[in-house]
Every structure is written in C-alpha cells, then in structure tokens.
Amino acid sequence: MSFLGVDQAAIKWFSSYLNDRTQRCSVNGKLSTARTLSCGVHQGSILGPLLFLIYINDLPNSLHNAIPRMFADDTNLTLSARTLTELELALAPKLNNLSCWLKANKLSLNDAKTELMVIGSRQRLSVQCDNVVIKIDNQIIKRVDRTKSLGLTIDAHLSWSKHVDDICKKVSSAIGALKRVRPFISKAITIQIYNALIMPHFDYCSPVWDCLSGYLSDKLQKLQNRVARVITKLPFDTSSNYLLSTLDWERLLL
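Only a predicted model underlies this, so the values are computations on that prediction, with no experimental measurement involved. (Residues numbered from 1 in each chain as written. Predicted model: local features only at pLDDT ≥ 70, side-chain atom pairs only at ≥ 80, totals over all residues. Heavy atoms only, no water.)

A. Representation of the packing of helix α5 (residues 161–181) against helix α8 (residues 214–232). The geometry of α5 relative to α8 is characterised by a closest axis approach of 10 Å and an angle of 10° between their N-to-C directions. As judged from the angle between their axes, α5 and α8 are roughly parallel. Contacts between α5 and α8 involve Ser161, Val164, Asp165, Ile167, Cys168, Val171, Ser172, Ile175, Leu178 and Lys179 from the first element and Leu216, Lys219, Leu220, Leu223, Arg226, Val227, Val230 and Ile231 from the second. Among the residues forming the contact of α5 with α8, the class breakdown is 12 nonpolar, two polar and four charged. (Axes fitted to C-alpha atoms, helices over the stretch in contact; angles between N-to-C directions. Helix = DSSP H or I, 4+ residues; strand = E, 2+ residues; numbered from the N terminus. Parallel < 35°, antiparallel > 145°, perpendicular 65-115°, else oblique. Contact = heavy atoms within 4.5 Å. Nonpolar A, V, L, I, M, F, W, Y, C, P; charged D, E, K, R; others polar.)

B. Quick look at α5. Taking 1.5 Å of rise per residue, the 21 residues of α5 would be expected to cover 30 Å, and the 31 Å separating its terminal C-alpha atoms lies within 8% of that figure. Looking at α5, one finds that the buried residues are His163, Val164, Asp166, Ile167, Cys168, Val171, Ile175, Gly176 and Leu178. Packed against the buried residues of α5 are β11 (146–149), β12 (152–155), α6 (187–203), α7 (206–209) and α8. (Expected span 1.5 Å × (residues − 1). Buried < 20%, exposed > 50% of the residue type's maximum accessible area, 1.4 Å probe, protein only.)

C. Quick peek at the packing of aromatic side chains. All told, the structure shown has three aromatic pairs when counted by the stated rule. Relative to Phe14, the ring of Trp13 has its centre 5.2 Å away and its plane inclined at 90°; by these criteria the two rings are edge-to-face. On the basis of relative accessible area, Phe14 is assigned to the buried category, the value being 15%. Among the aromatic residues, those joined into a cluster by ring pairs are Trp13, Phe14 and Tyr17. Its guanidinium or amino end placed over the ring of Tyr17, Arg21 lies 4.9 Å from that ring's centre, counting from NZ or CZ. (Phe/Tyr/Trp six-rings, centres within 6.5 Å; stacked < 30°, edge-to-face > 60°. Lys NZ or Arg CZ within 6 Å of the ring centre and 35° of its normal.)

D. Spatial organisation of the side chain of Arg182. By secondary structure assignment, the location of Arg182 is in the loop between α5 and α6. From its side chain, Arg182 meets the backbone oxygen of Val230 in a polar contact 3.4 Å long. Side-chain polar atoms of Arg182 contact the backbone oxygen of Ile231, separated by 2.8 Å. Ignoring sequence-local partners within four residues, the contact set of Arg182 consists of Lys187, Thr190, Val230, Ile231 and Lys233. (Polar contact = N/O pair within 3.5 Å; in protein donor to acceptor, adjacent residues only side chain to side chain.)

Have a look at this one:
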C-alpha cells in the first residue's frame, strides 16, 4: 500500500484493522481453540475484497507476453501461438512464473478449478490437439472444450452455441412465468417485467458474443417474438414485424 502511494496515517489504520485477529473453526458442532491470524483478510468484511485486489495487483508483472484477465480471485491467462508446439513451449515458463508468484505471496492454486482450453478452428484443433499436455507444479491441467467465465460460456471454436442454449433456457423459463401472470397484470407492468428479467439476458456482454451464425441469431429472435406475443396477446399467426412495431421494439441486433 505504501508503494501504491497510501499515506502512513492510513497504513497505520489498516495495520490496526488487520492485526491481532483470531479465528476459530466449527466442525460437526465442535469449536476449535482460537488461533491468531498471521496473514490474510477476514471473510465477509467490506474491506476484504479491496485489500485482496491490492494484494494481487502485481500478479501481471510476473507474466510476460501473456494477457491476464483478473476479476476478484478468478484469473484467466491468454496466450496466442501459431502451432501447438509453440503454445506448449510458450506457456510452460508463464505457468512456472505464476506458480512462483503464488508461493511467494502465500497463495495457492485451486487445481480442481484450473482448466486449459485451446481455441481455434475445427480443422486446426483436430490435428494432434489431443496430445497437448500442460502442467503446473507437475500437475496436468484439465483440458476442456468449453468453460464459463463471468457468466459467459466460451467454447473452443467460439461458436457461442452453448452460451445461446443457456440464454434460451433462462429466457424460456422467464417467458413461461410471464405467460402465467399475464392475465392478472397490465401491459405496462408486463413490459417492465420484460425489461427487468428477460432483456438483460439478451444484453449481457452481447458485444463479446454477438458474432453469431444465422441459426443461433434466429433462435434468440424467436424468443423475443414469443415474449412480444405474450405481452400484446395477439394471435399466433401475427407477423413478428407487426408484433415488434406494436411495442416499438427493434429486432435483436445479432
């Protein structure tokens, strides 16, 4: 904190806030004796997340030619290479540096949540991609074809098909609930519910994943048409353009 420019008075206050704290553990109804905490911040505190972010702020300095994306205690490491061999050679020293940084800062890597995903075209990934083995601390990192990051389901081909499927499930469930209560609420209230509970699924991080195929775009557009039909109570054979114009909505720009 001193290196970041925090004055000494504030540092003394933080020191007083963190020092002389004790911790006890309850297991199967039995409470352990109190032990003094020598490092870390106590969970559930307001300042805990801020102090943790300050603590790990220099992690990128241990990584060169790799892009770390950090959100709280989740970190994604991105590295590009022309071939799989280049990828393995480039990634190994980065992971070694990361391991050293974690040990030096008294942090540990959660092996169960550490994943490796190689992103590329289907043609390139089908050639010897199964032979890619990446280790950290002599532990093989689990290879996955898709993973979730901050609510986005990313697949190895960046097709976004699984992410769209997830959106469809959530929106379909919300539309079903909206349809059940529609007879008891006004059109204005129904639109408010749509804007609060359904539209955010279409909007969330859409600049990242909106480069969709026509098939996936149509799947999402059909959902918007469906909720417009519920709100307006118009017949099933009403054209989608008329439904959207009635509500002054634009089509999903995907």
